[in-house]
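Per-entry structural report
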Amino acid sequence: MNASEYDRLPVYDSLVRERGDVVTETREVAERAQHQAREALGGHAYPPPGHSQGAVSS
């Protein structure tokens, strides 16, 4: 379900009025964290943990 689909749900609308738009706030925080991580790593892309760099699969 994407953000525009949430906009059409009455239950979601009432929760947003009561509690704030947690989905949007979470997305924004995640985007900022990704940006900060990219800057901290100097733009280098590192493989995920457990991934061997340069290893050849058999």
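Analysis parameters
- Residues numbered from 1 in each chain as written.
- Predicted model: local features only at pLDDT ≥ 70, side-chain atom pairs only at ≥ 80, totals over all residues.
- Heavy atoms only, no water.
- Helix = DSSP H or I, 4+ residues; strand = E, 2+ residues; numbered from the N terminus.
- Buried < 20%, exposed > 50% of the residue type's maximum accessible area, 1.4 Å probe, protein only.
- Areas by Shrake-Rupley, 256 points an atom, 1.4 Å probe, with all protein chains shown as cover.
- Expected span 1.5 Å × (residues − 1).
- pLDDT = per-residue confidence, 0-100.

To continue, consider the overall build of the protein chain. Secondary structure summary: the protein chain contains 3 helices and 0 strands in total. In the protein chain, the succession of helices and strands from N to C terminus is α-α-α. Counting only residues that meet the buried cut, the protein chain has 2% of its 58 residues in that class. Carbon and sulfur atoms make up 54% of the accessible area of the protein chain, which amounts to about 5300 Å² in all.

Let's shift gears to helix α3 (residues 22-40). An ideal rise of 1.5 Å per residue puts 27 Å on 19 residues; α3 measures up with 26 Å between its terminal C-alpha atoms. Backbone geometry just after α3 places Gly42 at a positive phi near 65 degrees.

Counting buried positions along helix α2 (residues 10-19) gives 1 out of 10 residues, so the element sits mostly on the surface. Directly beyond the C-terminal end of α2, a positive phi value near 95 degrees is found at Gly20.

Residue-level pLDDT values for the protein chain average 77, and 59% of them are 70 or greater. Considering each helix and strand of the protein chain separately, the mean pLDDT is smallest for helix α1 (residues 3-6), with a value of 58, and largest for α3, with 92.

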